[in-house]
Amino acid sequence: MSVFGDLASYYDLLYADKNYREEAAYVEGLFQRFGIPGKRLLSLGCGTGAHDLEMVRNGYQTTGVDVSANMLELAHQKHAALELEEHKKMSFHQGDMRTWRNEQQFDGIMSLFHVVSYQTSQSDLEQSFTTFRQHLVPGGIAVFDCWYGPAVLTDRPGNREKTWENDLLKVHRSTRAEMVFDENTVEVHFDIDITDKKQQTSQQLQELHRMRYLFLPELKLLTQQANLELLHHEQWMTGAPLNDSTWYATLVCRAI
Ligand SMILES: C[S@@+](CC[C@H](N)C(=O)[O-])C[C@H]1O[C@@H](n2cnc3c(N)ncnc32)[C@H](O)[C@@H]1O
């Protein structure tokens with residue numbers, strides 16, 4: 001189900017303006033507020049490892065899991081560049097969060113930047129939350145975000161264009177979104193044009209990302225079924241209450 005294929009190579013360029021340090025501080029604040037019992041973190045859908053890196057800098061040990069080999073390749077590059085002390089506190093594994101199992105249990109789980117919304121079917125979600133619970137110590141805390149249903153239905157996704165550029169590359173992305181109402185999903189079609197400025201060559205990529213938007217009653221049920229207590233929800237990064245104009249919801253659960 002890896003949708004982060006060739007596009008993964010450009011992920012860090014596409015999200016260069018995303019402030020992973022501030023986001024990690026926000027997530028760390030939630031871990032502390034809800035009483036994370038220790039410093040061992042599992043990062044499900046870790047991508048290129050940017051949050052993991054910041055959490056290691058905040059004193060945690062991180063184990064990152066992602067289904068995409070291409071995303072993990074960039075994570076491994078970041079890992080290889082670390083000083084020994086930080087290097088020892090970080091690891092990455094390829095795996096699917098629905099089925100990944102490891103003997104270790106963790107004090108906290110983070111699954112950030114819509115990873116849970118990539119789990120589109122009921123069974124994908126049930127399996128993912130079972131993984132959360134299997135890998136948390138009792139009292140362990142999970143923080144994740146997802147697309148929030150009331151806002152997606154009120155402020156529907158439209159078509160967008162965006163361009164990124166650095167010394168080597170220019171990337172243009174056209175996004176077209178289609179609502180799939182009977183599945184509570186959005187099909188996000190990306191058409192990407194990548195120009196290598198030095199070689200004067202260009203490459204076209206297409207990707208389809210299926211995203212599930214979720215509602216609080218089903219999140220309560222899904223987490224409860226997995227023996228997780230849904231402790232808190234708020235708008236991503238602002239901490240304001242959820243409403244019908246903010247797409248990104250943050251959820252906090254505790255392992256029962
Ligand atoms: C938008 S990216 C977010 C990556 C990273 N968490 C970040 O904040 O930059 C979503 C990630 O979820 C991963 N992913 C989606 N479904 C997954 C699954 N079932 N198991 C593991 N990783 C998954 C993708 O490969 C991708 O790296």
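The paragraphs below set out a description of the structure included in this document. Predicted model, so just to flag it, every value in this text is computed and none were measured.

1. A look at the overall build of the protein
Line of reasoning, step 1. Secondary structure summary: the protein contains 8 helices and 11 strands in total.
Line of reasoning, step 2. For the protein, the C-alpha radius of gyration of 18 Å lies close to 18 Å, the compact-globule estimate for 256 residues.
Line of reasoning, step 3. Judged by the C-alpha coordinates and their principal axes, the protein covers about 55 × 50 × 30 Å.
Line of reasoning, step 4. Evaluated residue by residue, the protein yields a buried proportion of 52% over its 256 residues.
Line of reasoning, step 5. When contacts within the protein are restricted to residue pairs at least 6 apart in sequence, long-range pairs at least 24 apart make up 69% of them.
Line of reasoning, step 6. Total accessible area computed for the protein in this model is approximately 11,900 Å², and 47% of it derives from carbon and sulfur atoms.
Line of reasoning, step 7. The centroid of the 24 positive side-chain charges in the protein is displaced by 4 Å from the centroid of its 35 negative side-chain charges.

2. Looking at the pattern of salt bridges
Line of reasoning, step 1. This structure, assessed with the given rule, holds 15 salt bridges.
Line of reasoning, step 2. For the salt bridge of K18 with E23, the shortest nitrogen-to-oxygen distance reads 2.9 Å. Comparing K18 with E23, the two get one shared label, buried.
Line of reasoning, step 3. Here D124 and R98 are joined by a salt bridge, their closest N and O atoms 2.9 Å apart. You can see D124 sitting in helix α6 (residues 122-134) and its partner R98 sitting in the loop between β3 (90-94) and β4 (106-111), a full 26 residues away along the chain. Residues D124 and R98 agree in their burial class; the two are buried.
Line of reasoning, step 4. Salt bridges sharing partners connect three or more residues here, namely R21, E54, R57 and E86.

Conventions we followed
- Starting afresh in each chain, residues are numbered from 1 along the sequence in its written order.
- A pLDDT threshold of at least 70 governs which residues receive local features in this predicted model, and a stricter bar of 80 or more applies before side-chain atom pairs are shown or counted, although totals over entire chains, interfaces and linings include all residues.
- Calculated side-chain values reflect all of the structure's heavy atoms, with hydrogen atoms and water omitted.
- Working definition: helices are DSSP H or I runs of at least four residues, strands are E runs of at least two. Numbering for both runs from the N terminus.
- Radius of gyration here uses only the C-alpha atoms, and the compact-globule reference equals 2.2 Å multiplied by the residue count raised to the power 0.38.
- Three labels apply to residues, based on accessible area from a 1.4 Å probe with only protein chains included: buried if under 20% of the type maximum, exposed if over 50%, partly exposed otherwise in between.
- Whether two residues touch is decided by their heavy atoms; if any such pair falls within 4.5 Å, the residues are in contact.
- Residue-level accessible areas treat just the shown protein chains as cover; the underlying method is Shrake-Rupley with a 1.4 Å probe.
- Neither His nor the chain ends contribute to the count of charged residues, in which Lys and Arg are positive and Asp and Glu negative.
- Taken as the charge location is NZ of Lys, CZ of Arg, CG of Asp or CD of Glu.
- The term salt bridge refers to a side-chain nitrogen of Lys or Arg lying within 4 Å of a carboxyl oxygen of Asp or Glu.

Just geometry here; none of it tells us what the structure is for.
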